[in-house]
Amino acid sequence: MNAYEWFCLKSLLLLGYNHGHLDSHPQALTLSLSPLGGAKIDQLLSSGAEREDQSYGSDYLQHITIQKTILVCNSRRPPTMATTDPSDKLTKALALIDEAHAQDPRRISVANSGNGNDTIPYELHYTNKMTAYLHKRTANPSELLQLAIRAQHLKRWEVPRDSCPATKAGYYAWRTYLAKRQAELAERMCLEAGYSEAEAGRVAALVRKEDLRKDEETQVLEDVACLVFLDDQFEEFERGHDEEKILGILRKTWGKMSERGHELALGIEMSERARGLVQRALSG
């Protein structure tokens, strides 16, 4: 049923409701719209009551024929259009993204609610951290920002760092390719979940971090990515690099963040050594 047909159907149901034809009992309505006879509602009460016919003539219903059966249950409100609810789209898109994350062969041990540990795919752990920091960074993130946050590092394990030369140019080529690939994967999943091309394209643009500094949502995403790096990856990362390089990376990371991001970063629990490096980077 298209939007115009639904408008016609809803108008007729409202007429039936306003005239008292829809009572509080469960009932089935069969609606026939005919270019010859106008609109006719046959009300079939499940209680076995006699069928009551009511006809409505309307010029705007010409050339439309619909045969639908609608179940109305214990309500005096007209039924709503049977389309995918935004929350349903979000749920489906998040499930598709997490299904991809779950394919990560790398595993990490994380604490569970029973004071024990579970072993889960690393990218699921990472994306859970991203979502947690998103809600610390902003109170009411949009659906599209939630999806972009969740899609960071999407299937990243399939393109390891050593797939590009171990040079500065190789690193930037790797990062550029990852951003493009992850955005395309996220866009495809959003379309599959029922989002429009414009909405899916917006998610892809956020994943690519377009218009950083000018786009508030892109800045939020950048803050969240930096916070997860500092909270979850920094201590292991700094052990594999010389101190001057680490200080430079910390300064670049800090420079990409907003004031709110800085506030959250200063509240992250770190080892004494890691916090000392952060303080040195900021003081220099």
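Note that this is a predicted model, so its numbers are computed, not measured.

Caption draft 1: Representation of the overall build of the chain in the model. The number of helices and strands found in the chain is 10 helices and six strands. Counting only residues that meet the buried cut, the chain has 40% of its 284 residues in that class. Of the contacts formed within the chain by residues at least 6 apart in sequence, a portion of 60% connects residues at least 24 apart. In the form shown here, the chain has an accessible surface area of approximately 16,000 Å², with 51% of it arising from carbon and sulfur atoms.

Caption draft 2: Just the packing of aromatic side chains, in detail. Tallying each qualifying case throughout the model produces four aromatic pairs. Between Y171 and W174, the ring centres sit 6.0 Å apart and the planes meet at 45°, which makes this aromatic pair tilted. With a gap of three residues between them, Y171 and W174 both fall in helix α5 (residues 168–193), about one helical turn apart. Aromatic side chains F229 and F234 sit 6.0 Å apart centroid to centroid with 65° between the ring planes, which places their arrangement in the edge-to-face category. Taking the relative accessible area as the measure of exposure, F229 reaches 14% and is therefore buried. Members of the aromatic cluster, joined through ring pairs, are Y171, Y172 and W174.

Caption draft 3: Geometry of the layout of surface pockets. Computed from the structure, the largest pocket encloses a volume of approximately 1,600 Å³. What lines the largest pocket is a set of 40 residues, and nearest its centre among them are R156, Y171, W174, R175 and F229. If you tally residues by element for the lining of the largest pocket, the top one is α5, at nine residues. Looking at the lining of the largest pocket residue by residue, the class counts come to 18 nonpolar, eight polar and 14 charged. Among the domains, domain 1 (84–208) and domain 2 (216–283) are the pair contributing at least three residues each to the lining of the largest pocket.

Caption draft 4: Focus on the nonpolar core. Of all hydrophobic cores here, the largest spans 52 residues; its most connected members are L147, L154, Y195, V203, V224, F234 and L250. Counting residues per element, this core draws most heavily on helix α7 (residues 216–238), which supplies 10 residues. Both domains that meet at this core, namely domain 1 (84–208) and domain 2 (216–283), each give it at least three residues. Excluding residues that lie within four positions of it along the chain, L250 makes contacts with L230, F234, L277, V278 and A281.

Caption draft 5: Broad picture of the environment of L221. One can find L221 in helix α7. Along the sequence, L221 and M257 sit 36 residues apart, while their C-alpha atoms lie 9.7 Å from each other. Residue contacts for L221: discarding those within four places in its chain leaves L145, A148, I149, Q152, L206 and K209.

Caption draft 6: Expanded view of α5. In this model α5 runs 38 Å from its N-terminal to its C-terminal C-alpha over 26 residues, within 8% of the 38 Å that 1.5 Å per residue would give. Taken together, the buried positions of α5 are G170, W174, L178, R181, Q182, A183, L185, A186, M189, C190 and A193. Remark: G194 follows α5 within two positions and exhibits a positive phi of approximately 110°.

Caption draft 7: The side chain of E222, seen in detail. When you line up the elements, E222 lands in helix α7. Ignoring anything within four residues of it in the chain, the contact list for E222 reads K209, L212 and K256.

Caption draft 8: Representation of the pairing of strand β6 (residues 117–121). Taken together, the five bridges between strand β5 (residues 107–111) and β6 define a ladder with antiparallel strand orientation. Across the sheet, R107 pairs through a bridge with P121, a residue of β6. Here β5 folds back onto β6, and the loop between the two strands holds five residues, one of which, N115, carries a positive phi near 65°.

Caption draft 9: Inspection of the confidence of the model for the chain at higher detail. Mean pLDDT over the chain: 75, with 69% of residues reaching 70 or higher. Every residue in residues 1–84 scores below 50 in pLDDT, and together they form 125 contacts with partners more than four places removed in sequence or on other chains.

Cut-off values and rules
- Residues numbered from 1 in each chain as written.
- Predicted model: local features only at pLDDT ≥ 70, side-chain atom pairs only at ≥ 80, totals over all residues.
- Heavy atoms only, no water.
- Helix = DSSP H or I, 4+ residues; strand = E, 2+ residues; numbered from the N terminus.
- Buried < 20%, exposed > 50% of the residue type's maximum accessible area, 1.4 Å probe, protein only.
- Contact = heavy atoms within 4.5 Å.
- Areas by Shrake-Rupley, 256 points an atom, 1.4 Å probe, with all protein chains shown as cover.
- Phe/Tyr/Trp six-rings, centres within 6.5 Å; stacked < 30°, edge-to-face > 60°.
- 1 Å grid on protein atoms, 1.4 Å probe; cavity = no way out; pocket = protein on both sides within 12 Å on 5 of 7 lines; lining within 4 Å.
- Points joined across faces, edges and corners; volume = space filled by probe spheres on them.
- Nonpolar A, V, L, I, M, F, W, Y, C, P; charged D, E, K, R; others polar.
- Domains from an automatic or database assignment.
- Core = buried A, V, L, I, M, F, W, Y, C linked by side-chain atoms within 4.5 Å.
- Expected span 1.5 Å × (residues − 1).
- Pairing = 2+ DSSP bridges.
- pLDDT = per-residue confidence, 0-100.

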